Structures are given as C-alpha cells and as structure tokens.
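Reading the structure
As a plain string of letters, each chain reads:
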Amino acid sequence: MTRFEPRLMIMCIGTAVTCSLGGALSIAVFGIDLRALLVVALVAAISAGGLNLMVRVRDRHVRRQLADRLDDAMRRFGDEGDAGTVTSCGKGEFNAVFDGIRLLHARLREESVARQVGTSRSEEVLSVLHSLTDPVFVFDRFGTIRLANTAAAELVPPSACPEGSDIRDVFREGPLAEQIGSDLAEGTFEARAIEFEHERPWMTTAEARVYDARTLHLGEDRAGSCLLALRDLTRERQISRMKSDFVSKASHELRTPLASIRGYLEMLVDGEAEDEEARMQFLASMLDDTERLSSLVENMLNISRIEAGIVRPRLERSDLGEISDRVAQMLLPVASEKDISISVAAAPVDLHVEGDPTMLQEVVLNLATNAIKYTPSGGRVTISVDTDPLERSVLVAVSDTGLGIPLEARERVFEKFFRVPSYERMAQGTGLGLNLCRNIVESVHRGRIGVDSTMGEGSRFWFSIPMGFAGARAA
Amino acid sequence: MSCARVLVADDETHIVQVLSLKFRNAGLEVIEASDGEEALDLARRMAPDAIVTDLQMPFMTGSELASALASDPELASIPVMILTARGWGLDETIASLPNIRSVESKPFSPRAILSIVNGMIADSQGRKKAA
C-alpha cells in the first residue's frame, strides 16, 4: 500500500483541479465573499470524500487480489476446500488476509517439520539397521543390492562393496543362491525361510557359518524390492553340538559302571561265582561301581547347577589351612594303604578367605584324592597353604611325586570328561572332578586354578581364593 | 571249542573281569588287555580265535585296533566284537570293516555276549577248515 500508485495520483490531481475550477467559478459569480468560500469548501469536501472512497476501493481490490493469490498457494498444498482456503465470508478482508498468511505460515512450518522428522526417522532406521548383528540386504528386481547393513558387509570380501553389486555374486551356490536366482528370473518373491552355509575364505577362521535366511517382498507390484534378512545360527549349532557331546560322554560314563554291575548281577544269578570269596568279590566290585555312578551323577548335578547359576554358596570366613588339615586326615587311611605320605604345610599367617567351606573342602579333597590315586606307591603328597600378598589371596597347592602330565594334556585336564590317557591304566575316575573344582574356584569364588607339571617328577595342582572376596556368584 | 582262545580288551577292569570269568566258565581260554596297543601286541603273539574289545580305550581305540587287525593278512580273519557305551552312531567306516562281526552296547548281558562269541568262533573255525 505504500508504493507509488499512478492512478491514485491522477485522482488526487483531478480533485485538486475540480476544487480550483469550482473556486474560480464561484469567485466569478459571487465575487470574493462568503458564498464563494462556502462553494469552494463544499467542492473540496466532496472531492476529499470521493478521494477517500476511491482509495478504499483500491485497497479492497488489492487485498482481494492478495487473498486470491494466497488461496492459490494453499491449493497447491493439495487439500483445497478445507481449513486451508482463505475466505472473506463473515470476516473483514484484512482478517482474511491475515488468516491466510498465518495459515500459510503454519502449513509451511508443518511441511518443514515433517521433512525434518522424515529425515531424522530415516537416519534412525538406518542406525538401527546397521546396529543389527544379523545381516540384512535389500535388493531390487534386477538383483542389484540397494542396501546392506554392516553385518551384511561382512559376508563379502573386505575389498568389495555390497551396495551396487549383484546379490547373486554374494551368494553364488547353495539353496539360497538357487532360490534367489529362481525368484529373480520369475519376478516373484515369496516370504520363505531357507537354511544354508556361507563360506568366507578371506577370514582367518574360514569355517563356514550357518544362516537362516528369510526373504520378504517389499511393495505390492513386481517392481518392488526384496528384503533378505539372515540370522546367524553358527553359535546355536556349536552349543547344540557341545550339549550333544556332553550327553554322549555322560552316557558313556554312566553306561560303563552300569555294564559292570549288570554283568556281576547276572553272573550271581547264574551261579557263576564258584565260592563265597568270589561272591564277595563280585559284591565289592558292584559296590565300587555304584559309588562311581553316585559320584558321577553328583558331580554332573553340581557342575550343571553352578553353570546354570542356581548354586547358593554359604559364604563365611573359612580357614583354608584348617580345611587342608581336615582333608589330609580324611585321606590318611587311603594314602597309607598305598604307602603314600600325605602332609600339610600351612604358613603361620592368617589363611582365612570368605567362601563356602563345604565347596572349598570339595576342591582340596578332589585335588588330594587325584594326587594319591595317580602317584605310585612310596610317593609323597603335600598340601601347602600360603598367602599371595600381590594378589591378596590365599593359595593352596597340592603337589605329588607322580608320573607328571604331558603338556598337551595339561591344557585340557579341567575339561569335562577329559582323562589323561596314561592315567587311565592307574585308576578309575569320573572325568568331572577337576571340572567341578574349576567351577567352584572360578565361577563361585572368582579365584584361579591351574596345574604345573614335570614329566617323571610329579604335578602341582593349585588354586587361589581372594581374601577379601565379597561377591560370589549366587542366584 | 574247548581250546578256543578269546582276547578281551577293555580299560575298565570290572568289565574285563566279568567277561573273562564268563568265558573261562564256558571253557574258553582268555587273554586280557587294558588298551588297544596291548591288545594288538597280544593278538600278534597269541593268535586268538576271537577278540572282544571296548570301543573307547586309551592309546589305541577299539576301532583302530580292528582296523590294524584287518590290514594285517595274518590277523585279518580274526572275528572282532566291539563293545560300546556310546549308543548309536558308530562310524560307518569302522562298521564296514570286514573283521567286525558284531557291535554290542553297554550295559550288556554276559550270557548274550558268550553266545555271540561262540558263534563267531564256530564260524571262524568253519572257514579255516573249509580253507
């Protein structure tokens, strides 16, 4: 409204000219008196009123034009006729213009926010996609990979970029490759699950990984993309194999004493024991095997309870020196029977730890029993107990003068059901005792356990328990 | 039959005791081994008419023993019975060895084992006579 308007200028000049002509005519008719002045004033008033009227008409016209332009602009957003349409019905034109501007501003703001939200949402979705540990691919109907998350990129050699390459180059053979090839040829992608192995020869551990693949067609027409989501089953399969291996070994260990018991029983029933002495020998052997079975089942249960985290240790101040003395006393008859000396060398210091005394005694008992079992007659077993100031722990070591353990076996003695081959001739065992020890020391008491050995000289099994331990794992 | 000789190999002494007594009571001569290596050595020296061996033994397993026997022309004809506590799933290559005549699961019946061993010995002696 402030800009220069030529038509308005013409109207102003016209009014001024009208006033001048009216004034001159009045002076000529009436002379310079009061009547002439009244006529001039009247003409000036009429001219001013006319000018005012013309300016208002012009303003109205301009506002109307602006409102129409706003209307057009609003319609371009797509939902014409709704609240977005500017109308002057029931409102002043200025208000209509103001409302239009306000609406326009609001719509533009909404549009901008929506764009920002859209961008931010897309970034979020991509972040989520890349953080997934399972590979995800999106490829088009030509097989070109449009999107591959970080896990998916690990399925191709480091030098290759999955995005832009052909999905059939990533999966070249196997059931998934066949299915993708067939789907791309037919242009149909049905949701299905396929299990397959994928080799990655460029990796240091080149073992093939097992995946469960699920394909899903994105969109309704044939032009849509296909989502390929993989789930890595390798670890599940490994765990499954480990469980199967455990059951197989446990079954073997249970069946063996059971076979012996069954054999002796059948012989007794068949009257094959020729005298009382033979019968007693059968019964004694059966008792041995029953105890072995019982010990095996107990060890298996204890280990599985610790591994499952459902053991509730009874934590209290426990003196490992006292525990070692008690174990030595318990084993004295067995050791004497084999002509083996057993002794405890406890340092004259505080040997207390916070732990479950029953479990800790089980560890010392297991280590000392093994030492006696696998040490030839005339040998020596020593249980030494001392503190380790550096680690703030109490160290118990059971040393023997036995055969020693070969290096390759030393690394495996704490595994379930592992038996040192050369030891199997000397004595029977469940193959679980040392594994139970490791579980009690490491899982329950967060200590350390290990073995040192020199072939032909003997072995030294040791474990250490923190002194100020206050965080045993308990379910 | 009375002079037939059976080799029993198992690292479980009670199993060896049970089978040995059963076989001896049945009039068989028994030789005992506590692992595969010892069993192979005894087989070479004593030429048994049948071998009953555990599958899982230290130093040399029952299947390795059977394989070693099968590859030795002088011992290949000795019938072998495998005792296993593993259940199903014996390696096919082991099961297909020609000298393995029977695979029995633990726990077993000594009576049933004696019966099978007697059959294996009779069959082996019959073949020797035919040859």
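Quick note: structure is the one above.
These remarks concern the structure in this document.

Parameters and conventions
- Residues numbered from 1 in each chain as written.
- Chains lettered and ligands numbered in written order.
- Predicted model: local features only at pLDDT ≥ 70, side-chain atom pairs only at ≥ 80, totals over all residues.
- Pairing = 2+ DSSP bridges.
- Helix = DSSP H or I, 4+ residues; strand = E, 2+ residues; numbered from the N terminus.
- Right-handed = clockwise from strand over helix to strand, strands pointing away.
- Core = buried A, V, L, I, M, F, W, Y, C linked by C-beta atoms within 7 Å.
- Buried ≥ 20, exposed ≤ 12 C-beta atoms within 10 Å, placed from the backbone.
- Domains from an automatic or database assignment.
- Axes fitted to C-alpha atoms, helices over the stretch in contact; angles between N-to-C directions.
- Contact = placed C-beta atoms within 7 Å.
- Expected span 1.5 Å × (residues − 1).
- Nonpolar A, V, L, I, M, F, W, Y, C, P; charged D, E, K, R; others polar.
- Parallel < 35°, antiparallel > 145°, perpendicular 65-115°, else oblique.
- Left-handed = near helix turned anticlockwise from the far one by under 90°.

All names here are of chain B. In this sheet, strand S2 (residues 29-33) lies alongside strand S1 (residues 5-9) in parallel orientation, the contact comprising five bridges. Within S2, the residue paired with Ala9 across the bridge is Ala33. Running through helix H1 (residues 13-25), the crossover from S1 to the neighbouring parallel element S2 is right-handed.

Here the focus is the nonpolar core. Residues and elements named next belong to chain A. Counting residues in each nonpolar core, the largest one holds 46 residues, and the members touching the most others are Leu320, Val363, Val364 and Ala368. At the level of secondary structure, the elements contributing two or more residues to this core comprise helix H8 (276-307), helix H9 (320-337), strand S7 (341-346), helix H10 (357-373), strand S9 (380-388), strand S10 (393-400), helix H12 (433-444) and strand S12 (458-466). Considering each element in turn, this core owes the most residues, eight residues, to H10. Both domains that meet at this core, namely domain 3 (237-306) and domain 4 (312-466), each give it at least three residues.

Here we take up the sheet that holds strand S4 (residues 80-84) of chain B. Two strands in a sheet stick together by hydrogen bonds in their backbones, pointing the same way (parallel) or opposite ways (antiparallel). All names here are of chain B. Strand order in the open sheet formed by five strands is S2-S1-S3-S4-S5, with parallel pairing between adjacent strands. One side of each edge strand has no neighbouring strand; the edge strands of this open sheet are S2 and strand S5 (100-105). Recorded for the sheet is a direction-independent mean angle of 20 degrees between the axes of neighbouring strands. Contacts from H1 reach S1, S2 and strand S3 (50-54) within the one sheet, and its direction differs from that of S2 by about 170 degrees. Strands in contact with helix H5 (residues 110-130) are S1, S3, S4 and S5; relative to S3, the strand with the most contacts, it is inclined by about 140 degrees.

Residue and element names in this part refer to chain A. The five strands lie next to each other as S7-S9-S10-S12-S11, forming an open sheet whose pairing is mixed. On the outer flanks of this sheet lie S7 and strand S11 (448-454), each paired with one strand and no other. Across the sheet, the mean angle separating the axes of adjacent strands is 15 degrees when strand polarity is ignored. Pairing between S11 and S12: seven bridges, direction antiparallel. Within S12, the residue paired with Val451 across the bridge is Phe461. Set on the sheet, H9 makes contact with S7, S9, S10 and S12; between it and S7 the angle comes to about 170 degrees.

Now for H1 of chain B. With 13 residues, H1 of chain B ought to run about 18 Å at 1.5 Å a step, and its terminal C-alpha atoms sit 18 Å apart, in line with that. Contact partners of the buried residues in H1 of chain B: helix H7 (234-269) and H8 of chain A together with S1, S2, S3 and H5 of chain B.

With 23 residues of chain B at the contact, the number on the chain A side is 19 residues. A per-element tally of the side of chain B that touches chain A places H1 of chain B first, with seven residues. In terms of residue class, the side of chain B that touches chain A is made up of nine nonpolar, seven polar and seven charged.

Residue and element names in this part refer to chain A. By the element assignment, Val138 lies in strand S1 (residues 136-139). By the C-beta count within 10 Å, which is 20 here, Val138 ends up buried. Along the primary structure Val138 and Leu228 are separated by 90 residues, whereas in three dimensions their C-alpha atoms are 6.2 Å apart. Non-local contacts of Val138, meaning those with residues more than four positions away in its chain, are made with Arg146, Leu147, Ser225 and Leu227.

This part covers H8 of chain A. Compared with an ideal rise of 1.5 Å per residue, which puts 32 residues at 46 Å, H8 of chain A spans 46 Å between its outermost C-alpha atoms and is within 8% of the ideal. Along H8 of chain A, the positions that sit buried rather than exposed are Phe282, Asp289, Arg292, Leu296, Asn299, Ile303 and Ile306 of chain A. Packed against the buried residues of H8 of chain A are H7 and H12 of chain A together with H1 of chain B. With its phi angle positive at about 75 degrees, Gly309 of chain A sits one or two positions after the end of H8 of chain A.

The next point concerns the packing of H8 of chain A against H12 of chain A. Residue and element names in this part refer to chain A. Remark: H8 packs on H12, axes separated minimally by 10 Å, with the N-to-C direction vectors making an angle of 25 degrees. With respect to each other, H8 and H12 are oriented roughly parallel. Crossing geometry of H8 relative to H12 is assigned as left-handed. Across the interface between the two elements, Asn299, Asn302, Ile303, Ile306 and Glu307 from H8 touch Gly433, Asn435, Leu436, Asn439, Ile440, Ser443 and Val444 from H12.

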